[in-house]
Amino acid sequence: MSDTPNRPVYSAGKLPARANLEHLKNEAKQRLKTMRSQSPTVRLSEAQLLVARSYGFPSWRKLKSHIDALNDFGQQLINAVHVGDLETIRKVLDSHPELVNAGADLPRHDRPSDALAMRLIHLAIAEAKIDVLRLLIERGADLNARNADGRLPLHDCFELNHDDFAKILLDAGAVPDVCAAAAYGMHDQLQEILKSDPGNANDLTTGNSPLGWAAFGHQPKSATILFQHGALADRPPYDSYAWGPAAMVASTDVARVLLEHGASRFIVSSQAALSLTPRSSYKFCSISARTRVFATVKDERLWMKPLFRPGRTRKLTFQFARSLRRDLSTP
């Protein structure tokens with residue numbers, strides 16, 4: 001029989017990683033002003049209750065208790081996750097089970113998954129602490145929490161090439177969104193998601209399009225399914241969101257699907273520049289905060305700083321450009 005205390009775990013998913021009680025008090029006062037414009041007898045406690053409930057807590061007292069615990073033990077818990085200190089994690093969560101969904105802001109982005117408002121479960125995946133992941137799941141961590149970049153834990157597993165972590169999450173009940181389903185080639189789930197809401201085919205919640213995730217995963221069938229449900233790649237910003245990942249990982253299989261479905265053959269944006277014309281060599285330039293890639297087939301030059309995505313997306317070769325130029329000649 002488990003020794004874990006049988007206490008409710010409240011969702012703190014909407015709270016900022018560095019939640020501030022004074023800020024929340026001011027939020028309650030502002031809400032009170034709005035409420036009193038309609039009902040002058042409303043009390044501050046009623047406004048505080050609405051604020052608490054908006055963050056997933058049943059009462060202001062529970063919200064305040066969470067903030068106090070976060071200030072007292074949050075950094076200790078984050079440090080324990082960083083190093084895989086299971087004993088400390090258990091000790092803190094025994095006393096404060098609501099901290100299982102505590103947030104962490106990483107000042108440096110050394111990995112593609114690093115972001116603001118990461119939850120402990122994101123952090124465990126980033127640090128490759130599989131035992132910590134299991135413990136957090138056991139203690140009721142939100143398997144579908146999104147960080148400030150809109151990424152689920154499943155997205156982090158994909159970007160960091162942690163398929164074993166992804167299996168644990170899925171077995172525990174994590175729900176893939178359209179981007180995770182496209183990247184991992186979960187075609188049945190992808191069909192169901194798009195059937196339920198075809199608008200998901202162009203979802204940009206993660207900062208990338210589902211077509212881009214399909215390209216990262218080398219999943220041409222996923223790309224085809226997305227196009228069947230209305231995915232766009234013939235206009236900004238969707239064209240660059242599709243071509244950028246395709247070129248970054250040399251995904252010629254998905255590139256063929258893009259061209260077959262009318263994807264733009266010339267794009268210029270802050271993220272990418274692409275030219276595929278009858279008499280010119282294929283050129284692609286991908287620029288981001290951590291990446292600058294310029295490749296031309298004609299003189300076979302490659303200038304590249306370290307790619308910002310390890311694992312699956314580390315590969316960038318001329319094969320992509322050569323293959324498109326050879327096999328996908330423009331009429």
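What you are looking at is a predicted structure, and each value in this text was computed from that prediction instead of being measured.

K.L.:
Any chance you could explain the overall build of the protein here in plain terms?
P.N.:
A tally of regular secondary structure across the protein gives 15 helices and seven strands. For the protein, buried positions account for 50% of its 331 residues. Counting only contacts in the protein whose residues sit at least 6 apart along the sequence, the fraction spanning at least 24 positions is 61%. As presented, the protein carries roughly 16100 Å² of accessible surface, and 50% of it is formed by carbon and sulfur atoms.

K.L.:
Can you help me understand the environment of Arg-235 in this one?
P.N.:
Residue placement: Arg-235 occurs in the loop between helix H12 (220–228) and helix H13 (238–248). A distance of 2.9 Å separates the side chain of Arg-235 from the side chain of Asp-234, its partner in a polar contact.

K.L.:
For this particular structure, what's the right way to read the confidence of the model for the protein?
P.N.:
The predicted coordinates should not be examined in detail at positions where pLDDT is low. Considering every residue of the protein, the mean pLDDT works out to 79; 74% of them sit at 70 or more. Across residues 268–319 the pLDDT falls below 50, and counting only partners more than four positions away or on other chains, this stretch makes 130 contacts in the model.

K.L.:
Sorry, what's going on with the pattern of salt bridges here?
P.N.:
Close approach of charged atoms allows side chains with opposite charge to pair. Applying the stated criterion to the full structure yields nine salt bridges. For Arg-43, the salt bridge goes to Glu-46, with nearest N and O atoms at 3.7 Å. Overall, Arg-43 belongs to the exposed group, its relative accessible area being 54%. Residue Glu-46 is classed as partly exposed on the basis of its relative accessible area of 33%.

K.L.:
Help me out: how do you make sense of H12 in this one?
P.N.:
Residue pairs spaced three or four apart in an α-helix point in one direction, given the helix's 3.6 residues per turn. Here H12 has its buried residues at Ser-222, Ala-223, Ile-225, Leu-226 and Phe-227. Its buried side turned inward, H12 meets helix H9 (178–184), helix H10 (187–196), helix H11 (210–216) and helix H14 (252–260). Once H12 ends, the next one or two residues include Gly-230, with phi positive near 100°.

K.L.:
How should I be thinking about unusual backbone geometry in this particular structure?
P.N.:
Most peptide bonds adopt trans geometry, and most residues besides glycine take a negative phi value. In this structure, Pro-237 follows Pro-236 across a cis peptide bond, with omega equal to -5°. Along the chain, the position of Pro-237 falls in the loop between H12 and H13. At Ala-128, a position not held by glycine, the phi torsion is positive, near 60°. Structurally, Ala-128 is set in the loop between helix H5 (120–126) and helix H6 (130–138). By relative accessible area, Ala-128 is classed as partly exposed at 41%. The phi dihedral of Asn-161 falls on the positive side, at around 65°, and the residue is not glycine. Residue position: Asn-161 is located in the loop between helix H7 (153–159) and helix H8 (163–171).

Conventions adopted
Residues numbered from 1 in each chain as written. Predicted model: local features only at pLDDT ≥ 70, side-chain atom pairs only at ≥ 80, totals over all residues. Heavy atoms only, no water. Helix = DSSP H or I, 4+ residues; strand = E, 2+ residues; numbered from the N terminus. Buried < 20%, exposed > 50% of the residue type's maximum accessible area, 1.4 Å probe, protein only. Contact = heavy atoms within 4.5 Å. Areas by Shrake-Rupley, 256 points an atom, 1.4 Å probe, with all protein chains shown as cover. Polar contact = N/O pair within 3.5 Å; in protein donor to acceptor, adjacent residues only side chain to side chain. pLDDT = per-residue confidence, 0-100. Salt bridge = Lys/Arg side-chain N within 4 Å of Asp/Glu carboxyl O.

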